[in-house]
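# Topology and contacts: notes
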Amino acid sequence: MADRVTVIGWDGSPLTAAARSALSAATLVAGAGHHLALPEVPPGAERVRLGSLGLAARRIAGHRGTAVVLADGDPGFFGVVRALRAPEHGLEVEVVPAVSSVAAAFARAGMPWDDAQVVVAQRRTLRRAVNVCRAHTKVAVLTSPGAGPAELALLLEGVHRTFVICEELGTDKERVTVLTSDRAADHSWRDPNVVIVVGGGGPVSADPGWLMGRPTAVAVAAEGARGWAHPDHHPEILAGAATKEGESALLRAAQLARLGPRTGDLVWDIGAGSGALAVDAAAFGAAVIAVDADPRACDRIEVAARRRGVLLQAVTGRAPHVLENLPEPDVIRIGGGGVPVVEACADRRPERIVTHASTRDQAEAIGVALTERGYTVECALLQSVGMDTRTWREQERSVVFLIAAERPVHRPAQPAG
């Protein structure tokens, strides 16, 4: 095992005295090509070009001597330190940090970033990174080849954002470009780059808040409206936005529990009605597309989202036809439309689908359609009775079938023995 491992962050500025001292004693230096070309790298040191972090970590672990790893920015922030400290390598490291590329990007933009989300976009995580950009007003995206500004812009089609694209920060080729998201796909961008994605409206506050990555508007809204699935008379539910027949606040609570919306998800709310469930799902951090055939309903949904301090996209149209051009969902709530809409949604293969039915026959037809498409289905009869607490008499009664379907997860078979 290496006698000593030092990880040095580099942001383009001259190396610190601590970094130069560690490098001068190194018998192995690992890094990207531009790191290994630094004049401070000892000519007699073994040089390892960082490609696979796992392979490099094994080389370092097997080295007899003093190892130094060079990395851009702060190596402890979405960087190499995590890989080197993984239990299978057993490496203890010392870290000489530099300014992270995210901090540098926001500095170039002249913007605070304690209220920003930070995501890593790779080919396999690009869609989830885009969903975070849909759901939040300020996101820093650490890109990678094949998951850069152009790909972000293409998947954000229909959602207006402003991109601040920071290329090759800290080098003599550094370039910062500000443009709207619909124009980003028309350009070629140099790696590495960081994209700051901003927009979507919402008030701007001078209050720094108290939690990293928590926009002040959302925090204030959440503190003013604890809980979710509020009844129709609650101030969070807009006047004139009555729920559909058979629906209730308790049904919405059960549907939300089955959906489990979370950051990085895209939720479809089909037949969104009052928008109460769509707004709640957005408050959990998910991206939401609320679909309704009534343009007035869509207008009310957007107003409700602004009042709650969340972002969502309202789409006017009738399912199933309007669904064809929507981006891929993770979970879907269906507020109406019957079996044809359920079938169209199931064909998009979301992880979960939640809906309801007024009669047993309707519930059975929906359940059969989902089962035939490979989903595991559960159904429960929910009955709720609202009480007038002044007289303790029944105020309203709701009886409905809750149908929740989950797509089975196929896990690789474990070897015998």
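Residues numbered from 1 in each chain as written. Predicted model: local features only at pLDDT ≥ 70, side-chain atom pairs only at ≥ 80, totals over all residues. Heavy atoms only, no water.

### Some words on the pattern of salt bridges
Under the criterion given, the structure shown has 21 salt bridges. Taking the shortest distance from any N to any O, the salt bridge between R59 and E46 comes out at 2.5 Å. Taken together, the positions of R59 in helix α3 (residues 53–61) and E46 in strand β3 (residues 46–49) put the pair 13 residues apart, joining distant regions of the chain. Salt bridges sharing partners connect three or more residues here, namely R127, R128, R262, D265 and D330. (Salt bridge = Lys/Arg side-chain N within 4 Å of Asp/Glu carboxyl O. Helix = DSSP H or I, 4+ residues; strand = E, 2+ residues; numbered from the N terminus.)

### Quick word on the environment of G65
Relative to the helices and strands, G65 resides in the loop between α3 and β4 (66–72). Given a relative accessible area of 10%, G65 falls into the buried group. Sequence spacing of G65 and T27 is 38 residues, and the spatial spacing of their C-alpha atoms is 5.9 Å. (Buried < 20%, exposed > 50% of the residue type's maximum accessible area, 1.4 Å probe, protein only.)

### Here's the deal with the nonpolar core
Counting 27 residues, the largest nonpolar core has W268, I270, L323, C345, I353 and L370 as the members making the most contacts within it. When residues of this core are traced back to their parent elements, those giving at least two are β11 (266–270), β12 (287–292), β14 (331–334), α13 (338–346), β15 (352–357), α14 (360–372) and β17 (393–406). If you tally residues by element for this core, the top one is α13, at four residues. Setting aside residues up to four positions removed in sequence, L370 forms contacts with V342, A346, I353, Y375, V377, I403 and A405. (Core = buried A, V, L, I, M, F, W, Y, C linked by side-chain atoms within 4.5 Å. Contact = heavy atoms within 4.5 Å.)

### Concerning the layout of surface pockets
Using a probe with the size of a water molecule, rolled over the atoms, empty space left in the structure can be pinpointed. Considering only enclosed or pocket space, the largest pocket measures out at about 1,600 Å³ in volume. If you trace the largest pocket, you find 47 residues lining it, with D72, F78, G79, T143 and P192 closest to the centre. When residues of the lining of the largest pocket are traced back to their parent elements, those giving at least two are α2 (33–36), β4, α4 (80–84), α5 (101–109) and β10 (193–198). Residue contributions to the lining of the largest pocket peak at five residues, all from α5. Tallied by class, the residues present in the lining of the largest pocket amount to 23 nonpolar, 16 polar and eight charged. (1 Å grid on protein atoms, 1.4 Å probe; cavity = no way out; pocket = protein on both sides within 12 Å on 5 of 7 lines; lining within 4 Å. Points joined across faces, edges and corners; volume = space filled by probe spheres on them. Nonpolar A, V, L, I, M, F, W, Y, C, P; charged D, E, K, R; others polar.)

### Considering the packing of helix α11 (residues 276–283) against helix α12 (residues 295–308)
At a closest axis distance of 9 Å, the pairing of α11 and α12 adopts a crossing angle of 35 degrees. Both α11 and α12 take part in a crossing whose hand is right-handed. Where α11 abuts α12, its residues V279, D280 and A283 lie against I301, A304, A305 and R308. Considered class by class, the residues forming the contact of α11 with α12 number five nonpolar, no polar and two charged. (Axes fitted to C-alpha atoms, helices over the stretch in contact; angles between N-to-C directions. Left-handed = near helix turned anticlockwise from the far one by under 90°.)

### A word on the confidence of the model for the protein chain
Per-residue confidence for the protein chain gives a mean pLDDT of 90; residues scoring 70 or more make up 90%. Here residues 216–221 scores under 50 on pLDDT; set against residues more than four positions off or in separate chains, the count is 11 contacts. (pLDDT = per-residue confidence, 0-100.)

### So, the pairing of strand β16 (residues 376–388)
Where β16 meets β17, 13 bridges bridge the pair, whose relative direction is antiparallel. Across the sheet, V377 pairs through a bridge with A405, a residue of β17. Between β16 and β17, which pair antiparallel one after the other, the connecting turn spans four residues, and W392 there sits at a positive phi close to 60 degrees. (Pairing = 2+ DSSP bridges.)

### So, the sheet that holds strand β8 (residues 162–167)
Strand order in the open sheet formed by five strands is β6-β7-β10-β8-β9, with mixed pairing between adjacent strands. In the strand order of this sheet, the two ends are held by β6 (117–120) and β9 (175–180), each with one partner. This sheet shows a mean twist of 20 degrees between the axes of neighbouring strands, independent of strand direction. For strand β7 (residues 138–142) and β10, the ladder comprises five bridges, and the chain directions are antiparallel. If you follow V141 over to β10, its bridge partner there is V195. Relative to the sheet, helix α6 (residues 126–135) contacts β6, β7 and β10, its axis offset from that of β6 by approximately 165 degrees.

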